[in-house]
Amino acid sequence: MLKDRVAIVTGAGAGLGRSHALLLARYGAKVVVNDLGDGATAVAAEIVAAGGEALAATGSVTDEAAVAAMVAAAQERWGRIDILVNNAGILRDVSFGKMSIADFRLVVDVHLMGAVICSKAVWDVMKAQNHGRIVMTTSSSGLYGNFGQANYGAAKMALVGLMQTLAIEGAKNDIRVNCLAPTAATAMTENLLPETVKALMQPEMVSPALLKLVGDDAPTRAILCAGAGHFERAYVTLTAGDHIGGGEDAGERLIERWDAVSDRTHESVPDAGMAQLQQEVAAAMAASGNR
């Protein structure tokens, strides 16, 4: 399915990243295995031993020079880059009141800025070849919140916003950008899950989601959730709302009409941020008698 495609997987020395890299290789992709330590070399060797092609790239996703070198090495060896899986990440969990700004910034740097740096490094390559598939690793902690993960959740939801815009900008060059929200037992969740749950939440039960997100028929702007062999879609929606108008008591009327504003009966999934403006202007014009 992925024969002759070239993929970069960050944070692939263990856990989900390793599982992603092995699956992509099994389906024929040539894989650049990125991580900070010796894990990248070990996973690359594992792929080669199984008959695949792989290249180890050691370095942080926050190191622009290291990322540029990784991309250059992949191009030199295989001549193209088709797939980027932004998987690298860290945790610094603590309640917001006790969280240091340094730990907040560090998590945002690795998850968000690491994905930005890697995506930027492959963007022109993908544009030139008129083909690209980028996967951001988001999380239910970002989509829905989770106690003790203000830094992680903020970074993970920011990746959804990054995905939305890159998908729009990349469409004309067939660059499709999606999010994967995995639930898995990894080193990052070692102390968070009971053993009975860990047995169900193996990384190998998540990685098959990549096949839909990186293939020739991949969607774009999808948020795919995966864990324990179960798959769901998450959406960022917009309600139809209620036109309240202006005036000194507009805020009071909003309070009175809160249920109508929140009604999800006719909610939509906007094609772009402009949809909110268009909906609001249309409602205002209709209310004033102008169409």
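Residues numbered from 1 in each chain as written. Predicted model: local features only at pLDDT ≥ 70, side-chain atom pairs only at ≥ 80, totals over all residues. Heavy atoms only, no water.

1. Side note on the pattern of salt bridges
Applying the stated criterion across every chain, the model contains 12 salt bridges. For the salt bridge of Asp174 with Arg133, the shortest nitrogen-to-oxygen distance reads 3.6 Å. Of the two residues, Asp174 is situated in the loop between α6 (150-170) and β6 (175-182) and Arg133 in strand β5 (residues 132-137); the sequence distance between them amounts to 41 residues. Overall, Arg133 belongs to the buried group, its relative accessible area being 1%. The salt bridge partner of Glu267 is Arg264, with a shortest N-O separation of 2.8 Å. Residue classification places Glu267 among the partly exposed residues on the basis of a relative accessible area of 27%. Sharing partners across several salt bridges, the network here consists of Arg5, Arg80, Asp82 and Asp216. (Salt bridge = Lys/Arg side-chain N within 4 Å of Asp/Glu carboxyl O. Helix = DSSP H or I, 4+ residues; strand = E, 2+ residues; numbered from the N terminus. Buried < 20%, exposed > 50% of the residue type's maximum accessible area, 1.4 Å probe, protein only.)

2. Side note on the packing of helix α4 (residues 101-129) against α6
α6 packs onto α4 with a crossing angle of 20° between their chain directions and a minimal axis gap of 8 Å. The angle between the axes of α4 and α6 places the two elements in the roughly parallel class. For α4 against α6, the interelement crossing comes out right-handed. For the pair α4 and α6, contact is made by Asp103, Phe104, Val107, Val108, His111, Leu112, Ala115, Val116, Ser119 and Trp123 and by Ala150, Asn151, Tyr152, Ala154, Ala155, Lys156, Ala158, Leu159, Leu162, Leu166, Glu169 and Gly170, respectively. Taken together, the residues that form the contact of α4 with α6 break down as 15 nonpolar, four polar and three charged. (Axes fitted to C-alpha atoms, helices over the stretch in contact; angles between N-to-C directions. Parallel < 35°, antiparallel > 145°, perpendicular 65-115°, else oblique. Left-handed = near helix turned anticlockwise from the far one by under 90°. Contact = heavy atoms within 4.5 Å. Nonpolar A, V, L, I, M, F, W, Y, C, P; charged D, E, K, R; others polar.)

3. Comments concerning the pairing of β5
With six of six residues buried, β5 is to be regarded as a mostly interior element. Alternating positions in β5 separate into two faces, Gly132, Ile134 and Met136 on one and Arg133, Val135 and Thr137 on the other, with burial throughout. Bridge count for strand β4 (residues 83-86) against β5 is four bridges, and the pairing is parallel. Note on β5: the bridge partner recorded for Asn86 is Met136. With α4 bridging β4 and its parallel neighbour β5, the resulting β-α-β unit is right-handed. (Pairing = 2+ DSSP bridges. Right-handed = clockwise from strand over helix to strand, strands pointing away.)

4. Overview of the packing of helix α1 (residues 15-26) against helix α2 (residues 39-49)
Interhelical geometry of α1 versus α2 gives an angle of 25° and a closest axis separation of 10 Å. Classified by the angle between their axes, α1 and α2 sit roughly parallel to one another. Crossing of α1 against α2: the hand is right-handed. Where α1 approaches α2, its residues Arg18, Ala21, Leu22 and Ala25 are matched on the opposing element by Val43, Glu46 and Ile47. Taken together, the residues of the contact of α1 with α2 sort by class into five nonpolar, no polar and two charged.

5. A short note on empty space enclosed by the protein
Per the stated rule, a full pass over the model turns up two cavities of 30 Å³ or more. Estimates place the volume of the largest cavity at around 40 Å³. Of all the elements in the fold, those that place two or more residues in the lining of the largest cavity are α4, β5 and α6. Classifying every residue of the lining of the largest cavity by side-chain character gives four nonpolar, four polar and one charged. Quantified by volume, the second largest cavity comes out at close to 30 Å³. For the second largest cavity, the full set of lining residues is Thr10, Val61, Asn86, Asn87, Ala88, Val110, His111, Gly114 and Ala115. No other element matches the four residues that α4 contributes to the lining of the second largest cavity. (1 Å grid on protein atoms, 1.4 Å probe; cavity = no way out; pocket = protein on both sides within 12 Å on 5 of 7 lines; lining within 4 Å. Points joined across faces, edges and corners; volume = space filled by probe spheres on them.)

Note that every value here comes from positions in space, so none of it alone points to a role or purpose.
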